[in-house]
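# Chain and residue survey
Here is how the chains run, residue by residue.
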There are 2 protein chains.
Amino acid sequence: MNEIRTKAHPLSIALAGLGTVGVGVIELLEANREMVEARAGRPLRVVAASARDLGRDRGVDLSALALESDMAALADRHDVDVVVEAVGGAQGPALELARKTLAAGKGLVTANKAMIAHHGLELAQLAAANSASLAFEAAVAGGIPVVKALREGAAANAIERIYGILNGTSNYILSTMETTGADFADVLAEAQAKGYAEADPAFDVDGIDAAHKLAILAAIGFGARIDFPAVATTGIREVRAADIAQARALGFVIRLVGVADCAAGQLLQRVRPCLVPTSHPLAHVTGATNAVVAEGNFVGRLLLQGAGAGAGPTASAIVADLIDIARGTVPPPFSLPAQDLAAMAPADPGDRQGRDYIRFTVTDRPGVLAEITAAMRDAGVSIESLIQHGRANENGSEVLVAMVTHEGLERSVSKALELLGGSESLTAAPLVLPILRD
Amino acid sequence: MNEIRTKAHPLSIALAGLGTVGVGVIELLEANREMVEARAGRPLRVVAASARDLGRDRGVDLSALALESDMAALADRHDVDVVVEAVGGAQGPALELARKTLAAGKGLVTANKAMIAHHGLELAQLAAANSASLAFEAAVAGGIPVVKALREGAAANAIERIYGILNGTSNYILSTMETTGADFADVLAEAQAKGYAEADPAFDVDGIDAAHKLAILAAIGFGARIDFPAVATTGIREVRAADIAQARALGFVIRLVGVADCAAGQLLQRVRPCLVPTSHPLAHVTGATNAVVAEGNFVGRLLLQGAGAGAGPTASAIVADLIDIARGTVPPPFSLPAQDLAAMAPADPGDRQGRDYIRFTVTDRPGVLAEITAAMRDAGVSIESLIQHGRANENGSEVLVAMVTHEGLERSVSKALELLGGSESLTAAPLVLPILRD
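Let us now look at the overall build of chain A. What chain A contains, in helices and strands, is 14 helices and 19 strands. C-alpha atoms of chain A, sized along the principal axes, occupy 80 × 45 × 35 Å. The burial tally for chain A puts 54% of its 438 residues in the buried class. The long-range share in chain A, meaning contacts at least 24 apart out of those at least 6 apart in sequence, stands at 75%.

Residue and element names in this part refer to chain B. You can see V330 is positioned in the loop between α12 (311-327) and β13 (345-346). Through-space distance from the C-alpha of V330 to that of A132 is 9.6 Å; in sequence the pair is 198 residues apart. For V330, the contacting residues outside a window of four places in its chain are S133, A135, D324 and I325.

Attention shifts here to the relation of the copies chain B and chain A. Turning chain B through 180 degrees and shifting it by 0.0 Å along the axis lays it on chain A, with an RMSD of 0.0 Å. Taken together, the rotation angle and the small translation identify this as a two-fold axis. An overlap of 100% is found between the interface residues of chain B and their copies at the interface of chain A, pointing to a shared contact surface.

This part is about the sheet that holds strand β5 (residues 107-110) of chain B. Residue and element names in this part refer to chain B. If you walk across this open sheet you meet the six strands as β3-β2-β1-β4-β5-β6, and the pairing is parallel. Both edges of this open sheet fall to β3 (66-68) and β6 (134-135), since each of them pairs with a single strand only. In terms of strand pairing, strand β1 (residues 11-16) meets strand β4 (residues 82-85) through four bridges, oriented parallel. Counted as the bridge partner of L15 is V84 from β4. Packing against the sheet, helix α2 (residues 20-31) makes contact with β1, β2 (44-50) and β4, and its axis sits at approximately 155 degrees to β2. Those strands touched by helix α4 (residues 92-103) are β1, β4, β5 and β6, and its axis lies near 165 degrees from that of β4.

So, about the sheet that holds strand β6 (residues 134-135) of chain A. Within a sheet, adjacent strands bond to each other through the backbone by hydrogen bonds, running parallel or antiparallel. An order of β3-β2-β1-β4-β5-β6 (chain A) is seen for the six strands of this open sheet, with the pairing classed as parallel. Whereas interior strands pair on both sides, the edge strands pair on one side only; in this sheet they are β3 (66-68) and β6 of chain A.

With that settled, the discussion passes to the interface of chain B and chain A. At the junction of the two partners, chain B supplies 52 residues and chain A supplies 52 residues. Mapped by element, the contributors of at least two residues to the side of chain B that touches chain A are α2, α3 (33-40), α6 (146-153), β12 (300-307) and α12 of chain B. If one sorts the elements of the side of chain B that touches chain A by residue count, α12(B) sits on top with nine residues. Looking at the side of chain B that touches chain A residue by residue, the class counts come to 28 nonpolar, 17 polar and seven charged. In this structure, strand β12 (residues 300-307) of chain A lies alongside β12(B), joined through three bridges in antiparallel fashion. Directly across from Q305(A), in β12(B), lies its bridge partner L303(B).

Once that is clear, we can look at the pairing of β12(A). All names here are of chain A. With six of eight residues buried, β12 is to be regarded as a mostly interior element. In the sheet, strand β11 (residues 289-296) pairs with β12 via eight bridges, with the strands oriented antiparallel. Residue A294 lies in a different strand from β12, and its bridge partner there is L302.

All names here are of chain B. As for its position among the elements, A141 is in the loop between β6 and α6. In this structure, the C-alpha to C-alpha distance between A141 and L166, residues 25 residues apart in sequence, is 6.2 Å. Excluding residues that lie within four positions of it along the chain, A141 makes contacts with V146, L166, K213, N290, V292 and G308.

A few words now on the domain arrangement of chain A. Residue and element names in this part refer to chain A. According to the domain assignment, chain A contains domain 1 (3-139), domain 2 (146-308 + 337-349) and domain 3 (351-434). One C-alpha centre belongs to domain 1, the other to domain 2; they are set 28 Å apart. The interface of domain 1 with domain 2 comprises 13 residues on the first partner and 13 residues on the second. Looking at the side of domain 1 that touches domain 2 residue by residue, the classes come out as eight nonpolar, three polar and two charged.

This brings us to helix α4 (residues 92-103) of chain A. Residue and element names in this part refer to chain A. Over its 12 residues, α4 runs 17 Å from end to end, which matches the ideal 16 Å to within 8%, given 1.5 Å per residue. Residues A94, L95, L97, A98, T101 and L102 constitute the buried set of α4. Projected onto a plane normal to the axis of α4, the buried residues spread over an arc of 160 degrees and lie on a single side. Next to the buried residues of α4 lie β1 (11-16), β4 (82-85), β5 (107-110), α5 (113-129) and β6.

How each quantity is defined
Residues numbered from 1 in each chain as written. Chains lettered and ligands numbered in written order. Predicted model: local features only at pLDDT ≥ 70, side-chain atom pairs only at ≥ 80, totals over all residues. Helix = DSSP H or I, 4+ residues; strand = E, 2+ residues; numbered from the N terminus. Buried ≥ 20, exposed ≤ 12 C-beta atoms within 10 Å, placed from the backbone. Contact = placed C-beta atoms within 7 Å. Least-squares fit on C-alpha atoms with pLDDT ≥ 70 in both. Pairing = 2+ DSSP bridges. Axes fitted to C-alpha atoms, helices over the stretch in contact; angles between N-to-C directions. Nonpolar A, V, L, I, M, F, W, Y, C, P; charged D, E, K, R; others polar. Domains from an automatic or database assignment. Expected span 1.5 Å × (residues − 1). Arc of directions from axis to C-beta.

Written as structure tokens, this is what we have:
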């Protein structure tokens, strides 16, 4: 390797957090050092770290590192150029560290999607004001370079729509329900027993984690101020094995999909279980895999797919950001200078055209179908197909009725459900799953 | 938008070639100017162009451009920072222009995969020697940012294998054969009539175009000196409808796949029709779509998919490169400084382990199967399944015999075919299609 580079000033790195991600970064730099430094054009040195328990054996050599028990102290160290934040949490110590690091003019690399979703604009402004680099490739879809693909690879396009499978746990559960025929609760319990799902699975199965990632992608793709509170989020708890079977019979699979689109300066961001046509690439994304689609006005449809989580993929994304920082080539984190990011109003979902799958659970008695179809007619919803499914449960008092609507306004479906709101025929709230456009 | 940026010095661009790609670049810059310049941090101005016929109406306004009939003159113009080469051809005027442009210290952006495959190392060295940017995202897989994904997004990884569907025309033909049951010649003729395939289709259907792209990806992914002559290339002309039907019955589809891997400093690069398991993401890539898979030692398997050709996607990739140049953030074109690129010896394919599909066309007489299976036995090839297919043609003298081997050395299969070389039972050379690992 050439002399100039090996003599170049190293990039000095502090690791906040020595969990699986922090240790993964150390392991990657050890395993791939020569190639990484050749690409970075200079050495990358981890010089300091912080962790709650500094004494624990993590299987990597920490003897050359300055260890701090207070992670905020990493931002003060004069021997540190970049802090890698691998602690997590939208607020608290991670946010304090991020602010201190950027205010000190040091680079910040983070995998913390919650913090970026909630405070990304403030941090981008702070980075710009202090000429510091802020990078968070690892915050979205693990090792898939989707931040870079949107921010740089597709930079020449007006992005029209971004959507994808952004939560591996939910996708694992849905695709396991699909192959086994089991219901949500059973698959979740099994996933928890195997360590694939957290003891408190809310973050994953209620769509919050996917919503964090979607808000970040939307901000980058549309050049918008990040607006996480505007993401309408529905998780997968209400999806039944019967819905998956019904969807399959109609030529669809069910996936938790985050969708963001931008029209007339208005932004629509939603995370919902959707029916995906089996001809669509997302229908073939199974297990814990993530996949993101971006549609640009010149490039057409781009799909990126890969491992959405895990120590290896996350370390891969963090070190890619470190290489960019070492080379001095990090663009503004949301693709536009922070002051140019547009404040976009949320769009009214009622204005949207689409097709829906609607599943009712009803009492098994005469007149129920007439009641439902009358409400649809009165609200102006056109039914493409209707399937009465038979007993929904053991005791036999409940029947499933599923229908697919023709293309129409979402407002009409909401109105139909409103009309049925007080009905004694319905044993539970209807489940509406939008059909993803092919 | 901020004052500093709009006052910034514009990036001045010359377009060599005003065909669909050159015109696409002008159209993109007109349509997306505001967003592109905000991301670039400065204006992008096309100031000059060259074309064979400068007078022809191309539907875009060229009145503000300096027009040169000699494209090499673009490299001499003092008002030009970057030349976009959209002419094509591995040698000749395109190469002359590329050399002159880089020697003058100007940036070069090109979609010319043949030129990069043949002369990429020389041009990278010339760029480094003159501190000029060389960028060719558009040369591989159209608008898919796969060069950037490998060079930067996956930069932290030792890449172990790169493979993909790199030629849209071949994939269109194979997937049409699959859905219609028609044979190669008929589908090709139809594709030519529709303008989906060139009058001389050799470049596409014989795998040369895919081989150009594979050589570029391998050089970037493995940090190697590009070695196009070492790519072993077989096209799709010998694939019959019967092979596709047979593959389907066994759980596979047939795709033209370029595969490069790197082990012990030796590089294996091949473009061949392969059997792809229907569970593999590449099995669902139909029509003119391109898809690239890269496997890294930390990131795992990454898949990128999108439109592999066309004016829009190509312009998208070219302008992404121009934005990088405007921002001053173009890494070395093959991911490592030119002088660090390794000269890798070609690997011996005979050493490879794998499974194959082998199809024989034989005369319909007793003893043929015994002859074939004896040759397999003598060469040490273990047969997993064998299907005698029945009449291969109208006059009924020919029979198809297809088999799938167990995992074994490629050398053994070659030896078995050698043993059968002089046989009068075979009516044509056997077709060997490797089975892609899942």
